[in-house]
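Spelled out from the first residue to the last, the chains are:
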Amino acid sequence: PYNQVWCVFDRDVFPPGNFNEACRLAGASRIRVAYSNQCFELWYYLHFNFSDAALHRHAYGDKLTGLLGRKYQKNDIGMYDLLKDQQWAAMRNARKLLTRYVPCNPEKDDPSTTVHLLVEALNEFVS
């Protein structure tokens, strides 16, 4: 049994309308969404710095390499352990970033993320 279903995705370069439609369809099916515009690496970046500058998704790899002090690799299984002590900063920065967009339009709100909502939900199960 479960009481929440989440879908995690990012904006990338999908055709206009698809991103917002995915969010709408998920909501209509009571599926919660943790999205990032443009890319999931924004969530990692927010562990170190706040930024409301729209960067191309490929720029985050170089920025993360500098911040991590090692080469950033997509799908690095050690990222959680590397970043967990800065999770509070990422959550604060993600919340602050969302306040820049009123009303919210996930497809156009670049950069933006709601990954912190999923992390908050998961943290409820941590003792």
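Keep in mind the model is a prediction, meaning the values are calculated, not measured.

A. How the structure looks around the packing of helix α5 (residues 87–98) against helix α6 (residues 115–123). At a minimum axis separation of 9 Å, α5 and α6 run at an interaxial angle of 135°. Relative to α6, the element α5 is oriented oblique. The two elements α5 and α6 cross, and the hand of that crossing is left-handed. Residue-level contacts link Q87, M91, A94, R95 and L98 of α5 to H116, V119, E120 and N123 of α6. For the contact of α5 with α6, the class distribution of residues is four nonpolar, three polar and two charged.

B. Spatial organisation of the packing of aromatic side chains. Evaluation of the coordinates by the stated rule reveals five aromatic pairs. A ring pair is formed by F9 and F19, whose centres lie 5.4 Å apart and whose planes are at 80°; its orientation type is edge-to-face. With a gap of ten residues between them, F9 in strand β1 (residues 6–10) and F19 in helix α1 (residues 18–28) connect regions that are remote in the sequence. Across the pair, F19 and F9 agree in class, each one buried. With 5.4 Å between their ring centres and 85° between their planes, F19 and Y35 make a pair best called edge-to-face. Here F19, found in helix α1, pairs with Y35, found in strand β2 (residues 32–37); they are 16 residues apart in sequence, far enough to count as distant. You'll find F19 and Y35 in the same group, each marked buried. Members of the aromatic cluster, connected to one another through ring pairs, are F9, F19 and Y35. The side chain of K96 reaches across the aromatic face of F50, ending 4.3 Å from its centre.

Here is what the cut-offs are and how they apply
Residues numbered from 1 in each chain as written. Predicted model: local features only at pLDDT ≥ 70, side-chain atom pairs only at ≥ 80, totals over all residues. Heavy atoms only, no water. Axes fitted to C-alpha atoms, helices over the stretch in contact; angles between N-to-C directions. Helix = DSSP H or I, 4+ residues; strand = E, 2+ residues; numbered from the N terminus. Parallel < 35°, antiparallel > 145°, perpendicular 65-115°, else oblique. Left-handed = near helix turned anticlockwise from the far one by under 90°. Contact = heavy atoms within 4.5 Å. Nonpolar A, V, L, I, M, F, W, Y, C, P; charged D, E, K, R; others polar. Phe/Tyr/Trp six-rings, centres within 6.5 Å; stacked < 30°, edge-to-face > 60°. Buried < 20%, exposed > 50% of the residue type's maximum accessible area, 1.4 Å probe, protein only. Lys NZ or Arg CZ within 6 Å of the ring centre and 35° of its normal.

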